[in-house]
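# Topology and contacts: notes
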Amino acid sequence: MKLRPNLENAYELKTPEDNIELYSVWAKSYDSDFIDEMQYELHLSVANEFILAGGKGPVLDVGAGTGVLAKALLQRGKFSIEATDISEAMLEVAKSKNIYERCFWSDLTKQIPVANCSYNGVVSSGTFTHGHVGPSSIFELVRISKPGGVIVISVNEEHWNALDFKTEVRKISEVVKSYQLKKISIYGKQSTHSHKDDKALILTIKV
Ligand SMILES: C[S@@+](CC[C@H](N)C(=O)[O-])C[C@H]1O[C@@H](n2cnc3c(N)ncnc32)[C@H](O)[C@@H]1O
């Protein structure tokens, strides 16, 4: 596979291995040609919801990529944050920003290599989307959260409907205190590209 790194091709990925390959090429330019150029704002909304929900550290940022969500969290408060991602190349960029206590590899479609009840907070932006990670990975986030912890993740709205996240979240609601959903825009108001009106659901779970 020799795909150009961009959103269209990222949405067409089929496997975790495809993700490793695409993001190994995208890592160095991701912040400039995706976050800045497309006016991506999902990480800001996830950070805001985590603060609103009273989230505390230690926090795990899953599918952390280059670390934009952790940066947004640290602009809003003091947290100890760890990063995990399937792309070593993305994690290298994240590490270079010196914002994470620890960065480690994991495949969210399998078990995350940490013990039960490890974190007070789990956050994720942009990773539960087409071609990336589906609903069955959410239970793993509950497993690694401490009782009383807060999980805030974004899920692309079309992906939510296509993969029946609703049923998975209903099952999870039986083992957590509460959950809420909020629909938000993924990109800034000034954006003009073909995805400018795309929406995501912010899922906040109180464990
Ligand atoms: C669109 S980026 C989002 C990165 C960052 N959270 C942000 O908001 O910019 C998606 C990230 O999910 C990661 N990813 C994709 N599939 C994964 C998997 N199975 N396990 C862990 N991370 C995965 C990719 O490597 C990539 O860094």
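Reading the values: rules and limits
- Chains are numbered independently. Their residues run from 1 in the order of the written sequence.
- Where totals are concerned, whole chains, interfaces and linings use all residues; where local detail is concerned, this predicted model gives features only for residues with pLDDT of at least 70, and gives and counts side-chain atom pairs only at 80 or more.
- Counting from the N terminus, the helices are the DSSP runs of H or I reaching at least four residues and the strands are the DSSP runs of E reaching at least two.
- Three classes are used. A residue is buried when 20 or more other C-beta atoms lie within 10 Å of its own, exposed when 12 or fewer do, and partly exposed in between, with C-beta atoms placed from the backbone.
- We call two residues in contact whenever the C-beta atoms placed from their backbones are within 7 Å.
- Each residue receives a C-beta atom placed from its backbone. It is near a molecule or strand if this atom lies within 6 Å of it.
- Polar here means any residue outside two lists: the nonpolar Ala, Val, Leu, Ile, Met, Phe, Trp, Tyr, Cys and Pro, and the charged Asp, Glu, Lys and Arg; Gly therefore counts as polar.
- Only strands joined by at least two bridges in the DSSP assignment are considered to pair.
- Only the contacting stretch of a helix is used when fitting its axis, a line to C-alpha atoms as for every element, and angles between N-to-C directions run 0 to 180 degrees.
- Per-residue confidence from the prediction method is given by pLDDT, with values spanning 0 to 100.

## Digging into the overall build of the protein chain
- For the protein chain, the count of helices and strands is 9 helices and 7 strands.
- In terms of overall dimensions, the protein chain has C-alpha extents of about 40 × 35 × 30 Å along its principal axes.
- Out of the 207 residues belonging to the protein chain, those deemed buried represent 41%.
- Restricting to contacts in the protein chain with at least 6 residues of sequence separation, those with at least 24 account for 70%.

## Remarks on the site of the ligand
- In the vicinity of the ligand, 23 residues are found, and the nearest of them are Gly63, Gly65, Ser87, Leu108 and Gly126.
- Looking at the shell around the ligand, the elements with two or more residues in it are helix 2 (16–26), helix 4 (42–52), helix 5 (68–74) and strand 4 (119–128).
- Here the residues of the shell around the ligand sort into 10 nonpolar, 11 polar and 2 charged.

## Quick notes on the sheet that holds strand 6 (residues 178–185)
- Spatial strand order, 3-2-1-4-5-7-6: 7 strands in an open sheet with mixed pairing. Two strands bound the open sheet, and with one partner strand each, they are strand 3 (102–105) and strand 6. Adjacent strand axes in the sheet meet at a mean angle of 15 degrees when their direction is disregarded.
- Where strand 5 (residues 145–156) lies against strand 7 (residues 199–206), 7 bridges are found, and the strand directions are antiparallel. For Ser154, the partnering residue across the bridge sits in strand 7 and is Ile202.
- This element, helix 6 (residues 88–96), spans strand 2 (81–85) and strand 3 of the sheet and lies at about 175 degrees to strand 3.

## Some remarks on the environment of Glu8
- Position of Glu8 among the secondary structure elements: in helix 1 (residues 7–11).
- C-alpha separation for the pair Glu8 and Tyr179, spaced 171 residues apart in sequence, amounts to 31 Å.

## Looking at the confidence of the model for the protein chain
- Across the protein chain, pLDDT averages 97, with 100% of residues at or above 70.
- Mean pLDDT across the elements of the protein chain bottoms out in helix 1 (92) and peaks in strand 1 (residues 59–62) (99).

## Here's the deal with the pairing of strand 2
- Within strand 2, 5 of the 5 residues are buried, which leaves the element mostly enclosed by the surrounding structure.
- On strand 2, burial covers both faces: Ile81, Ala83 and Asp85 on one face and Glu82 and Thr84 on the other are all buried.
- Where strand 1 and strand 2 come together, 4 bridges link them in parallel fashion. Counterpart to Val59 in the pairing with strand 2 is Ile81.

## Brief notes about the environment of Gly126
- Checked against the element boundaries, Gly126 lands in strand 4.
- Through-space distance from the C-alpha of Gly126 to that of Gly65 is 9.2 Å; in sequence the pair is 61 residues apart.

## Some words on helix 6
- Within the sequence span of helix 6, burial applies to Ala89, Met90, Leu91, Val93 and Ala94.
- The inward-facing, buried residues of helix 6 abut helix 2, strand 2 and strand 3.

## What to know about unusual backbone geometry
- Looking along the chain, the bond that leaves Gly57 and enters Pro58 is cis, with omega of 0 degrees.
- With respect to the helices and strands, the residue Pro58 is situated in the loop between helix 4 and strand 1.
- Phi at Asp164 takes a positive value of approximately 55 degrees, unusual for a residue other than glycine.
- Note that Asp164 resides in the loop between helix 8 (157–162) and helix 9 (165–172).
- The exposed category is assigned to Asp164, around which 12 C-beta atoms lie within 10 Å.

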